[in-house]
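Remarks on the overall topology
Single-letter residue listing:
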Amino acid sequence: MQVLRYEAILNCIPVRPFRTSAIELKAKLLEQGFQVTTRMLQRDLQSLYDQGCFGLEKDTRSKPYGWSINAQWRGGNAKVMSSEVAEHYLLLEQLLPQSVPSDVKQSVHIKVEQALKRFNGYVPNWLATLPKSSLKVNIDTQLVAQIEHAINHRRAVSAELYRVLYDEAHWLKFAELSFYNLVEQGGVLMAQFMVGELHDKCYQMPVYRIRNVHILQKTRREPSAEQLKSLRSAINKGMSQEAIELVVKVPSHSAVNQGFIELGELTDKQHIDDKNVLLTYQTTDTEQLTDELFKCAHWLEVIKPEKLRQRIVSKLKEATTNYL
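Quick look at the structure, then.

The rules behind each value
- Residues numbered from 1 in each chain as written.
- Predicted model: local features only at pLDDT ≥ 70, side-chain atom pairs only at ≥ 80, totals over all residues.
- Heavy atoms only, no water.
- Helix = DSSP H or I, 4+ residues; strand = E, 2+ residues; numbered from the N terminus.
- Buried < 20%, exposed > 50% of the residue type's maximum accessible area, 1.4 Å probe, protein only.
- Axes fitted to C-alpha atoms, helices over the stretch in contact; angles between N-to-C directions.
- Parallel < 35°, antiparallel > 145°, perpendicular 65-115°, else oblique.
- Left-handed = near helix turned anticlockwise from the far one by under 90°.
- Contact = heavy atoms within 4.5 Å.
- Nonpolar A, V, L, I, M, F, W, Y, C, P; charged D, E, K, R; others polar.
- Core = buried A, V, L, I, M, F, W, Y, C linked by side-chain atoms within 4.5 Å.
- Phe/Tyr/Trp six-rings, centres within 6.5 Å; stacked < 30°, edge-to-face > 60°.
- Lys NZ or Arg CZ within 6 Å of the ring centre and 35° of its normal.

Description of unusual backbone geometry
- The omega torsion of the bond from Lys63 to Pro64 falls at 0°, within 30 degrees of zero and hence cis.
- Relative to the helices and strands, Pro64 resides in the loop between strand E1 (56–59) and strand E2 (66–69).
- Note that the residue after Lys304, namely Pro305, is joined by a cis bond; omega there is -5°.
- Within the element layout of this structure, Pro305 appears in the loop between strand E11 (301–304) and helix H10 (306–323).
- Even without glycine at this site, Arg154 takes up a positive phi of about 55°.
- Within the secondary structure, Arg154 is located in the loop between helix H7 (141–152) and strand E3 (155–165).
- For Arg154, a relative accessible area of 46% puts it in the partly exposed group.
- The backbone of Asn212 sits at a positive phi, close to 50°, despite the residue not being glycine.
- If you trace the backbone, Asn212 turns up in strand E7 (residues 210–219).

Here is the structure:
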């Protein structure tokens, strides 16, 4: 109830230059079914104010104190939600515990839909890339099971997708989608799919932006290697990429040493012995680079950076497990 009460309090506070007092707020909350004492309300206001993430301002020039929302935030019932408010609603939805009542979840979800509209349907990078341990996304397990069933049995589906068109957010009905993979990215479960029978692009979308999935008695489409490569490229363009110094050990006669496979900008070459060469590149840490190095792992060794080396080692261990 505290989350719901906090939201009601924020919605009752006017945008500056207007302001309201705790006594006036108490009366408004009572009309909405919230019975709070003046002291409790003062504690709530101070708590929201101290968090500094709701645009709440306190006028202490006279008593009782005047409370208002900074005009730049434009939260609450305003048509346009500020980016700061939108980010906090997106984070709030993903951190809500399972035990929260359904009416509270629905109230927050309504705000989240408005928040997604503020970002044209995309979660901000800082939120999408939070460490997995600190970000738990509540997803519909039945929905995930339906998507997994469609993938495992190679079935096409119909579904609704959350899309933004001309600055307006809508749930759009798609008569045929072909899901072929589920991946986790930054703690968010993503579905990869193709649209219709003829469209040649692959797409990726958070599972929480998919609903009303129905399995069709029709075999799904299979993406080509080129289509998958195009999707990976599009994903990497939208993510922050780290510049790295890549050092690899390769045979002197290898395609890498001969220049037929480019791993970045070659900055140094050292002959270790008659058979092997140490090559240094300035490049970007991407999924494509990891895949390319993994394909060459039976003759190419990553020396630096250590985290990329360990990534290849992890992939090799998984591959070994499959063939033991």
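The rest of the description comes next.
Digging into the packing of helix H9 (residues 287–295) against H10
- The geometry of H9 relative to H10 is characterised by a closest axis approach of 10 Å and an angle of 55° between their N-to-C directions. In terms of orientation, H9 lies oblique with respect to H10. H10 is crossed by H9, and the crossing has right-handed handedness. Note on element contacts: H10 touches H9 through Leu308, Arg311, Ile312, Lys315, Leu316 and Ala319, opposite Leu289, Thr290, Asp291, Leu293 and Phe294.
- A breakdown of the residues in the contact of H9 with H10 according to their chemical character gives 7 nonpolar, 1 polar and 3 charged.

Remarks on the environment of Val15
- With respect to the helices, strands and loops of the structure, Val15 is situated in the loop between helix H1 (2–12) and helix H2 (22–31).
- Among the residues examined, Val15 registers a relative accessible area of 33% and is labelled partly exposed.

Digging into the nonpolar core
- Counting 19 residues, the largest nonpolar core has Leu177, Phe179 and Ile210 as its most contacted members.
- The leading source of residues in this core is H7, at 5 residues.
- Contacts of Leu177, omitting those with residues within four sequence positions, involve Ala156, Val157, Ala159, Leu161, Phe193, Met194 and Val195.
- By size, the runner-up hydrophobic cluster in this structure holds 18 residues, among which are Leu4, Leu10, Ile13 and Leu45.

A short note on the packing of aromatic side chains
- Here the structure, examined in full by the defined rule, presents 3 aromatic pairs.
- Taking the centre distance of 5.6 Å and the plane angle of 70° together, the rings of Phe179 and Phe193 count as edge-to-face. In this pair, Phe179 sits in strand E4 (residues 168–185) while Phe193 sits in strand E5 (residues 188–195), placing the two residues 14 residues apart along the sequence. For the pair Phe179 and Phe193, one class covers both residues: buried.
- These aromatic residues form a ring-pair network of at least three members: Phe179, Phe193 and Tyr203.
- Over the face of the ring belonging to Phe294 we find Lys315, whose NZ or CZ atom lies 5.7 Å from the ring centre.

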